[in-house]
Amino acid sequence: MAAHMASTQKITTSSTAEYFSKNLQQVGFSSHTKAVLTTLKEAVDNALDACEENDILPEIRIEIEKLGAGSMKNAEQIRICVVDNGPGIDPDDVPKVFGEYLASSKFGRGRCTRGQQGIGISAATTWAQLTGGKGALIITKQKGMRKALKARVEVDIKNNKGTMKDKDMIDWDRPNGTSVEFIIDGRIQLNGEAGLMNYLLGTSLVNPHLTLHYKLPDPEIPETTIERVSKDFPKIPEAVEPHPHTMKLGEFIAHSHLFGKVKTSNWLGKGFSRVGPSVIQELIKTAGVKKAIFEKNVDQLDEAEFKSLYTGLQNLPLMAPSTSSVLSIGEESLSKSIQRLGAVDYFSVVTRKPTICDFKPVEVEVAIARLQVKTVEQDTPVQVLRFANRVPLQFDKSACAIYNSLTTVNWKAYGLVQPKESLPQGPYIVAVSVVSPFIKFKNASKETIDSSDELVEEIRRALMQAGQKLSKHIRREDKANELEEKIRHIEQFGPILVEGICRITKANDTRKEKARLGLMKLLGRDAQEAEKDLESASEKLEAHLVKTKKSETVEEVEA
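This one's a predicted model, so the numbers in the text were calculated from it and none came from an experiment. (Residues numbered from 1 in each chain as written. Predicted model: local features only at pLDDT ≥ 70, side-chain atom pairs only at ≥ 80, totals over all residues. Heavy atoms only, no water.)

A.B. asks: Go over helix α7 (residues 249-256), please, and point to the residues and values.
C.D. replies: Those residues of α7 not exposed but buried are Phe252, Ile253, His255 and Ser256. Viewed end-on, α7 has its buried residues packed into an arc of 155 degrees, placing them on one side of the element. Packed against the buried residues of α7 are α8 (264-271) and α11 (303-315). (Buried < 20%, exposed > 50% of the residue type's maximum accessible area, 1.4 Å probe, protein only. Helix = DSSP H or I, 4+ residues; strand = E, 2+ residues; numbered from the N terminus. Arc of directions from axis to C-beta. Contact = heavy atoms within 4.5 Å.)

What follows is the structure, encoded as structure tokens:
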């Protein structure tokens with residue numbers, strides 16, 4: 001008995017913040033490199049979502065610099081600052097946004113927004129607090145405010161609350177917006193799949209309406225601005241409730257806790273997609289669920305009653321959820337945006353119609369770009385850009401549904417080189433965007449999309465459609481190259497043939513020149529010759545004008 005009492009005394013409870021502060025590796029802070037990228041991503045996600053929800057074309061400035069050695073082994077002290085032109089934050093909400101876990105208004109909502117878990121930015125504040133000794137430095141200003149709020153936000157880990165320190169009202173040279181700055185331990189990786197450049201490239205690709213300024217700690221990379229290519233706002237649809245067939249029993253019960261003291265019938269109707277009065281009647285008649293359960297408050301149901309409801313819903317053939325809740329970048333906007341990737345000589349873009357995968361509305365978009373860069377070896381795998389709700393995914397690619405889909409497509413059929421069960425090869429960028437209000441990730445850090453047969457097949461179909469467009473272009477190029485090769489052979493031996501015939505027929509030089517011009521016309525080279533003559537004439541005219549202008553200047557000086 002004493003031993004039992006001793007063991008129970010060791011059992012303690014902890015706040016959400018305390019749990020995550022001890023398990024930050026679960027939310028993207030498992031390495032120094034990931035810490036920098038995760039901190040940046042969370043700040044940018046918040047800025048983009050805030051702008052879009054308030055119909056503001058986003059303009060974001062990113063500054064990253066090294067300050068010296070970090071407090072941890074093999075780490076550097078890194079300053080990350082993200083400034084946006086968003087609506088600003090109410091001063092009373094600042095400690096909740098940056099210092100409280102699961103305080104986000106996006107938590108539990110079925111919307112195609114970037115941050116859906118309410119964990120990220122608070123985790124970044126915690127990491128800064130644990131490794132740099134300070135939390136997040138915030139400057140924010142709403143329209144109508146004469147001065148901006150400046151404060152240091154830290155996480156009260158024991159109580160899962162944000163606290164503000166050094167609060168001050170300052171002059172700020174912008175009418176509205178938010179600046180968030182973290183000083184953390186980390187390491188900067190610029191290039192490669194997990195590099196900062198890849199993140200910036202990907203973010204600009206799936207956000208055509210974004211103007212992005214960035215300054216990185218590399219003297220070879222100048223301060224850069226990527227201008228927006230579209231002024232169209234992405235239309236973020238209204239929130240949608242989850243479908244009962246997507247949940248496990250534990251998730252089903254946990255979902256009820258969000259509703260408190262409401263009748264079970266109201267919870268089912270408001271808390272789920274496709275569960276109306278007719279479904280409740282069917283549960284009573286067909287599934288044998290007791291009518292009294294629906295009259296009870298949901299917080300009064302016991303485990304057996306929850307299980308009865310859950311099992312009944314799983315056995316009913318419910319309608320699939322609506323696909324109106326998904327967000328699309330659009331082929332036109334994506335086509336403009338993909339040209340910001342660099343020197344692209346061809347691209348194909350596909351936006352699939354929204355569909356249902358695993359009882360969840362999903363939309364898949366694919367862009368394939370061929371680069372003009374000659375330094376890329378033909379046997380180098382294509383560069384893959386993965387996105388979930390327009391957020392770049394840069395880790396654990398081999399476990400991702402997007403990667404699995406890519407490797408199962410037969411790219412040889414579309415004119416690309418592909419080793420068995422591997423990525424295709426060549427100077428290509430393949431970007432795949434999956435958008436859904438209920439994306440299932442493999443981990444809390446949202447780095448890789450969980451594979452299911454239905455989702456992999458939907459991504460495969462989008463890739464194959466883009467591949468078909470690409471293969472048509474490659475075939476046209478091959479035919480054009482083949483024709484060009486034949487013409488070059490004729491050009492090589494044609495003049496010899498003309499020379500021989502003229503010699504045999506004893507034709508004069510005028511006849512010989514006509515024969516040469518006729519051959520050029522047959523081969524389609526006469527237009528090229530005319531273009532060369534025109535170009536030469538233009539150069540002579542320009543030189544003449546320059547010479548004339550100089551003469552006039554000399555005469556004016558002498559006069």
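A.B. asks: Any chance you could break down the sheet that holds strand β5 (residues 161-170) for me, citing the residues and the numbers?
C.D. replies: Strands belonging to one sheet form pairs held by backbone hydrogen bonds; the direction of such a pair is parallel or antiparallel. With respect to topology, eight strands assemble into an open sheet ordered β5-β4-β3-β6-β2-β1-β7-β8, the strand pairing being mixed. Both outer strands of the open sheet, β5 and β8 (224-226), are each paired with one neighbouring strand and no more. Neighbour-to-neighbour, the strand axes of this sheet turn through a mean angle of 15 degrees, independent of strand direction. Relative to strand β2 (residues 76-84), strand β1 (residues 59-69) is paired through eight bridges, and the arrangement is antiparallel. Bridged to Glu65 within β2 is Arg79. (Pairing = 2+ DSSP bridges. Axes fitted to C-alpha atoms, helices over the stretch in contact; angles between N-to-C directions.)

A.B. asks: Lay out the pattern of salt bridges with the relevant residues and their values.
C.D. replies: Inspection of the entire model under this criterion finds 19 salt bridges. Here Lys34 ties to Glu447 by a salt bridge, and the two come within 3.4 Å at their closest N and O atoms. A residue pair is termed long-range when its members are at least 10 positions apart, and Lys34 in helix α3 (residues 32-53) and Glu447 in the loop between β14 (428-435) and α14 (453-505) qualify at 413 residues. When its relative accessible area of 12% is taken as the criterion, Lys34 is described as buried. Overall, the relative accessible area of 6% leaves Glu447 in the buried class. For Glu458, the salt bridge is made with Arg352, and the minimal N-O distance between the two is 3.0 Å. With Glu458 in helix α14 and Arg352 in the loop between β9 (344-351) and β10 (355-357), the pair connects residues that are 106 residues apart, well separated along the chain. (Salt bridge = Lys/Arg side-chain N within 4 Å of Asp/Glu carboxyl O.)

A.B. asks: So, the packing of aromatic side chains: which residues are in play, and what are the values?
C.D. replies: Aromatic ring pairs are reported here in terms of the distance separating the ring centres and the angle at which the planes meet. A full pass over the atoms with the stated rule returns eight aromatic pairs. Pairing Phe252 with Trp267 gives two aromatic rings, centres 5.0 Å apart and planes at 55 degrees, and the pair type is tilted. Taken together, the residues span a long stretch of sequence, with Phe252 in helix α7 and Trp267 in helix α8 at a distance of 15 residues. Accessibility assignment for this pair places Phe252 and Trp267 in one class, buried. Where Trp267 meets Phe306, the ring centres are 6.0 Å apart and the plane angle is 85 degrees; that geometry is what we call edge-to-face. Residue Trp267 is located in helix α8, and its partner Phe306 is located in helix α11; the two are separated by 39 residues in the primary sequence. Both residues of the pair, Trp267 and Phe306, count as buried. Among the aromatic side chains, those forming a connected cluster through ring pairs are Phe252, Trp267, Phe272, Phe306 and Tyr310. The ring of Phe395 is capped by Lys34, whose NZ or CZ atom sits 4.8 Å from the centre of that ring. For the cation-ring pair, Arg174 lies above Trp172, with the distance from its terminal atom to the ring centre recorded as 5.4 Å. (Phe/Tyr/Trp six-rings, centres within 6.5 Å; stacked < 30°, edge-to-face > 60°. Lys NZ or Arg CZ within 6 Å of the ring centre and 35° of its normal.)

A.B. asks: Describe in detail the environment of Glu499, supporting the description with residues and values.
C.D. replies: Following the sequence through the fold, Glu499 ends up in helix α14. As a C-alpha pair, Glu499 and Ala515 span 16 residues in sequence and 9.4 Å in three-dimensional space.

A.B. asks: Any chance you could break down the environment of Ala75 for me, citing the residues and the numbers?
C.D. replies: For Ala75, the position within the fold is in the loop between β1 and β2. A sequence separation of 43 residues divides Ala75 from His32, and the C-alpha atoms of the two residues are 6.7 Å apart. Contacts of Ala75, omitting those with residues within four sequence positions, involve His32, Ala69, Gly70, Asp185, Gly186 and Arg187.

A.B. asks: Kindly report on a positive patch on the surface, identifying the contributing residues and their values.
C.D. replies: A cluster of basic residues, Lys469, Lys472, Arg475 and Arg476, forms a positive patch on the protein surface. Structurally, Arg475 can be placed in helix α14. (Patch = residues over 30% accessible without salt bridge, like charges linked within 9 Å, V, L, I, M, F, W, Y side chains within 5 Å. Areas by Shrake-Rupley, 256 points an atom, 1.4 Å probe, with all protein chains shown as cover. Lys, Arg positive; Asp, Glu negative; His and termini not counted. Charge placed at Lys NZ, Arg CZ, Asp CG, Glu CD.)

A.B. asks: An account of the nonpolar core is requested, with residue identities and associated values reported.
C.D. replies: Judged by nonpolar contacts, the single largest core of 48 residues is most densely connected at Leu40, Ile60, Ile62, Ile64 and Leu196. In terms of residues, this core owes the most to one element, α3, which gives eight residues. Those residues in contact with Leu196 that lie beyond four places of it in its chain are Val36, Leu37, Leu40, Ile64, Ile188, Gln189, Leu190 and Leu216. Counting 36 residues, the second-largest nonpolar core is a separate cluster that includes Tyr346, Val362, Val409 and Trp411. (Core = buried A, V, L, I, M, F, W, Y, C linked by side-chain atoms within 4.5 Å.)

A.B. asks: Give me the pairing of strand β6 (residues 177-186): which residues, what numbers.
C.D. replies: Extensive coverage of β6 is indicated by the burial of nine of its ten residues. As judged from the nine bridges shared by β2 and β6, these two strands associate in the antiparallel manner. The residue of β6 that forms the bridge with Arg79 is Ile183. The pairing of strand β3 (residues 136-141) with β6 spans six bridges and is antiparallel. Its bridge partner being in β6, Ile138 is matched across the sheet by Val180.

A.B. asks: Tell me what's going on with unusual backbone geometry, and back it up with residues and numbers.
C.D. replies: Peptide bonds are mostly trans, and most non-glycine residues show a negative phi. Even without glycine at this site, Phe359 takes up a positive phi of about 65 degrees. Relative to the helices and strands, Phe359 is located in the loop between β10 and β11 (360-371).

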